[in-house]
Amino acid sequence: MKLVVRLSFAILLQFAASGFAACSENDPVGDGIANGNVGNDGADGGADNGDNDGNDMERNIKITVNGTSFSATLADNATAQAFAAMFPVTLEMDDLNRNEKYHYLDNGLPAAAHAVDVIHAGDLMLYGSSCVVLFYETFASGYSYTRIGKVDNPDSLAAALGRGNVSVTFDMR
């Protein structure tokens, strides 16, 4: 009985925690996915990035926003592979908390979320299994994401994305 109660309590805690990190505009006090964690890319000293090192897929992509193109590099993982299989794709991305654009996919992607301390401008992440998020500001975070990739030089990304919703095209370079 104790095992069942502990498992039920653990599941309840996990469910409650995931309910507060939603990919929507209704997040409390601006925390939502804008303050979400990303898959560890090793840049913050972590060792595990969720990448599959034996993968030989093409990792160079182009992200186009309002006529401005950005070079990006996909992560070497199943999530990035599944996302790239959709290319070319244009997503209507909504703004959230003035630091990210997000879009819910019709079908989920493989996910292996990891927590890190900081979201970086240019991070392309998956929240849950179906919410693609492109961050354009750097900030501390408390949530988990699966890394899809990263814009190589995000200096003018925020200006290109602008305020409000935007169409973003992802394609191979």
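Below is a short write-up of the structure. (Residues numbered from 1 in each chain as written. Predicted model: local features only at pLDDT ≥ 70, side-chain atom pairs only at ≥ 80, totals over all residues. Heavy atoms only, no water.)

### A closer look at the nonpolar core
Phase 1 of the analysis: Ranked by size, the top nonpolar core spans 29 residues in total, and within it I63, F83, V132, L134, V168 and F170 carry the most contacts.
Phase 2 of the analysis: In this structure V132 touches F83, L91, M93, K101, Y102, H103, L105, L124, M125, L126 and I148, once residues within four positions along its chain are discounted.
Phase 3 of the analysis: One finds I119, M125, F135 and F139 within the second-largest nonpolar core, a separate group that totals 11 residues. (Core = buried A, V, L, I, M, F, W, Y, C linked by side-chain atoms within 4.5 Å. Buried < 20%, exposed > 50% of the residue type's maximum accessible area, 1.4 Å probe, protein only. Contact = heavy atoms within 4.5 Å.)

### Points about the environment of M93
Phase 1 of the analysis: Its location among the elements puts M93 in strand β3 (residues 89-96).
Phase 2 of the analysis: For M93, a relative accessible area of 0% corresponds to the buried category.
Phase 3 of the analysis: Along the primary structure M93 and V166 are separated by 73 residues, whereas in three dimensions their C-alpha atoms are 5.4 Å apart.
Phase 4 of the analysis: Filtering out sequence-adjacent residues up to four positions away, M93 remains in contact with K101, Y102, H103, V132, L134, N165, V166, V168 and F170. (Helix = DSSP H or I, 4+ residues; strand = E, 2+ residues; numbered from the N terminus.)

### Comments concerning the packing of aromatic side chains
Both the distance between ring centres and the angle between the ring planes are used here to describe each pair of aromatic rings.
Phase 1 of the analysis: For the structure shown, the criterion picks out seven aromatic pairs.
Phase 2 of the analysis: Measuring from centroid to centroid gives 5.2 Å for F83 and F170, while their planes differ by 75 degrees, and the two rings are edge-to-face. Taken together, the positions of F83 in helix α2 (residues 78-84) and F170 in strand β11 (residues 166-172) put the pair 87 residues apart, joining distant regions of the chain. The same class applies to F83 and to F170, which are both buried.
Phase 3 of the analysis: Aromatic side chains F87 and F170 sit 6.5 Å apart centroid to centroid with 15 degrees between the ring planes, which places their arrangement in the stacked category. In this pair, F87 sits in the loop between α2 and β3 while F170 sits in strand β11, placing the two residues 83 residues apart along the sequence. (Phe/Tyr/Trp six-rings, centres within 6.5 Å; stacked < 30°, edge-to-face > 60°.)

### Description of the pattern of salt bridges
Phase 1 of the analysis: Scanning the model with the defined rule gives four salt bridges in all.
Phase 2 of the analysis: In this structure, K101 engages D95 in a salt bridge whose closest nitrogen and oxygen atoms are separated by 2.8 Å.
Phase 3 of the analysis: Under the relative-accessibility criterion, K101 is labelled buried at 0%.
Phase 4 of the analysis: For D95, a relative accessible area of 13% translates into the label buried.
Phase 5 of the analysis: The residue R173 makes a salt bridge to D152 at a minimum N-O spacing of 3.6 Å. Of this pair, R173 sits in the segment after β11 while D152 is found in the loop between β10 (144-151) and α3 (157-161), placing the two residues 21 residues apart along the sequence.
Phase 6 of the analysis: On the basis of relative accessibility, which here comes to 43%, the residue D152 falls in the partly exposed class.
Phase 7 of the analysis: The network of salt bridges with shared partners includes D123, R147 and K150. (Salt bridge = Lys/Arg side-chain N within 4 Å of Asp/Glu carboxyl O.)

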